[in-house]
Amino acid sequence: MSDFNRQKIVDSVPQKGFFGHPKGLFTLFFTEFWERFSYYGMRAILVFYMYYEVSKGGLGLDEHTALAIMSIYGSLVYMSGIIGGWLADRIFGTSKAVFYGGILIMLGHIALAIPGSVSLFFVSMVLIVLGTGLLKPNVSSVVGEIYSENDSRRDAGFSIFYMGINLGGFLAPLIVGEVGMKHNFHWGFAIAAVGMFFGLLMFVFTKKKNLGLAGTVVPNPLSPNEKKKVYTQIGLGAVILAILVAISIPAGILTFDSFIALIGILGFLIPTIYFITMYRSPKTTEVERSRILAYIPLFLAAVMFWSIQEQGSTILANYADKRTQLTFAGFEISPAWFQSLNPLFIIFLAPVFAWIWVKLGNRQPSVPKKFSLALLFAGLSFLVILLPAYFGGTNSLVSPLWLVLSYFIVVLGELLISPVGLSATTKLAPAAFTAQMMSLWMLSNAAAQALNAQLVKFYTPETEMVYFGAIGGASIVLSIILFFVSPKIQSFMKGVK
């Protein structure tokens, strides 16, 4: 995008009106709030919907299959962000990407809200994966566009926007979980669809006044000839894919297990291709190559961390349902409510961590050491959850406070790795691959969940202690290794702190 167009966008947006920030932040805050409300509300009850018996309103899938599908679904959501970013950059801009994505997400939730077959369930998953890939990365990009590059409110604006994400993530499991788990799964999914509808209404009716030209300029548009070629390739690819699916499913080649294995391979193959492409590019300088090498152990540490953190919506959700005493202090707890703990703790702790880093200044730990501490907390969160089985066996129900403690500990790690990782990614990125490097950071989560799809099959009540102990222990061992090699990694970062 040219400096002239960027300046036109910034100048066309009212500069105050939402807590001293541009009015466009109001639009984006509530669009993302409702999108996250719909997504996290759906996710809070989805795994239960998959493995609950048909007589209880579920699909009656095998538990391990349901847990693996949840992980694959999460992996595909992060992978699809690459496609969404490319479409916005080359074809229709970020504003239209957000709108189209919201429509697909809403249709996906509507499909879930209709009592139907497993086939309808997979249709909804495709719609939500594609919709989230369009909306999620691009709504954040529009936030950046409503500020000029030297606007001192920029970081604070992203913090307010991040609060919208977590507010939506906190409220959704409480509301959707209550309705979906205690009354009817499909009513819960319907509430998620209504949430996305509210987000679309907010975006459509306020974007012209509040956002101006932000999100409307295509940064790197395809030429007419390129468009024709791309559309032909996309159409041809869709036809070939449909034929392959139509042949491989009846032939027994494409099964749940083979699809899970395929995504597991892609989860690590795609980041590997990214690393090789950036490292070998003639546009990458020697200093930038060194920084790419420094980024590899950080990426692998992030995969380990997200592998544990993302099991909060799979293994720990199952643990809440099957192993936890859900009557506490006279109240009946929905197992879906535990999904609200992560955003709740982030809302309260994020300002504390921000204050700590400001207070420490130059004395704060280096980026690699923060990552190592994050892995330590992730590992401890799994070791904590194996203690109830150690003391009381795997047959008795445990206090919900054990789960609360586990979620709390992993959030301490998340606040060490998530914002720090985003910042480090932008600093270590080669100049020619800034956007791709951010995609690579998102792929650390995709790789983690692709890995989880393989790991969850080993979880049973009988293997509970071994499962949590092995994964938690591995994270702590990697934490110690990363801590001791941190000075070496720091030297490869060539001045980036």
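Located above this text is the structure these notes cover.
This section reports on the structure supplied with the text. (Residues numbered from 1 in each chain as written. Predicted model: local features only at pLDDT ≥ 70, side-chain atom pairs only at ≥ 80, totals over all residues. Heavy atoms only, no water.)

Helices and strands together make up the secondary structure of the chain, namely 15 helices and two strands. Expected size for 497 residues packed as a compact globule is a radius of gyration near 23 Å; at 22 Å, the chain falls within 12% of this value. Principal-axis analysis of the C-alpha atoms gives the chain an extent of 65 × 50 × 50 Å. Taking the intrachain contacts of the chain between residues at least 6 apart in sequence as the baseline, contacts between residues at least 24 apart amount to 82%. Accessible surface, the chain as shown: approximately 22200 Å² in total, 70% of it carbon and sulfur. Charge-centre separation for the chain: the mean point of 34 positive side chains lies 10 Å from the mean point of 23 negative side chains. (Helix = DSSP H or I, 4+ residues; strand = E, 2+ residues; numbered from the N terminus. Rg over C-alpha atoms; globule rule 2.2 N^0.38 Å. Contact = heavy atoms within 4.5 Å. Areas by Shrake-Rupley, 256 points an atom, 1.4 Å probe, with all protein chains shown as cover. Lys, Arg positive; Asp, Glu negative; His and termini not counted. Charge placed at Lys NZ, Arg CZ, Asp CG, Glu CD.)

With that settled, consider the packing of aromatic side chains. Summed over the entire model, instances satisfying the criterion amount to 31 aromatic pairs. Ring geometry for Phe 353 and Trp 357: centres 6.2 Å apart, planes at 70°, overall edge-to-face. Remark: Trp 357 and Phe 353 occur in helix H11 (residues 341–360); sequence separation between them is four residues, near one turn of the helix. Pair check on accessibility: Phe 353 and Trp 357 agree, each one buried. Relative to Phe 468, the ring of Tyr 467 has its centre 5.8 Å away and its plane inclined at 80°; by these criteria the two rings are edge-to-face. Taking the relative accessible area as the measure of exposure, Tyr 467 reaches 5% and is therefore buried. Sitting over the face of the ring of Tyr 279, Arg 289 holds its NZ or CZ atom 5.9 Å from the ring centroid. Across from the ring centre of Phe 483, 5.2 Å away, lies the NZ or CZ of Lys 369, which sits over that ring. (Phe/Tyr/Trp six-rings, centres within 6.5 Å; stacked < 30°, edge-to-face > 60°. Buried < 20%, exposed > 50% of the residue type's maximum accessible area, 1.4 Å probe, protein only. Lys NZ or Arg CZ within 6 Å of the ring centre and 35° of its normal.)

The grouping of Val 194, Phe 197, Phe 198, Leu 201, Val 204 and Phe 205 at the surface amounts to a nonpolar patch, some 540 Å² of accessible area in total. Relative to the helices and strands, Phe 198 is located in helix H6 (residues 185–211). (Patch = residues over 30% accessible without salt bridge, like charges linked within 9 Å, V, L, I, M, F, W, Y side chains within 5 Å. Salt bridge = Lys/Arg side-chain N within 4 Å of Asp/Glu carboxyl O.)

What follows deals with the environment of Gly 101. With respect to the element layout, Gly 101 can be found in helix H3 (residues 63–113). Separated by 38 residues in sequence, Gly 101 and Glu 63 place their C-alpha atoms 30 Å apart. When near neighbours in sequence (up to four residues on either side) are disregarded, Gly 101 contacts Gly 131, Leu 134 and Leu 135.

Note that all results are geometric; they support no functional claim without further evidence.
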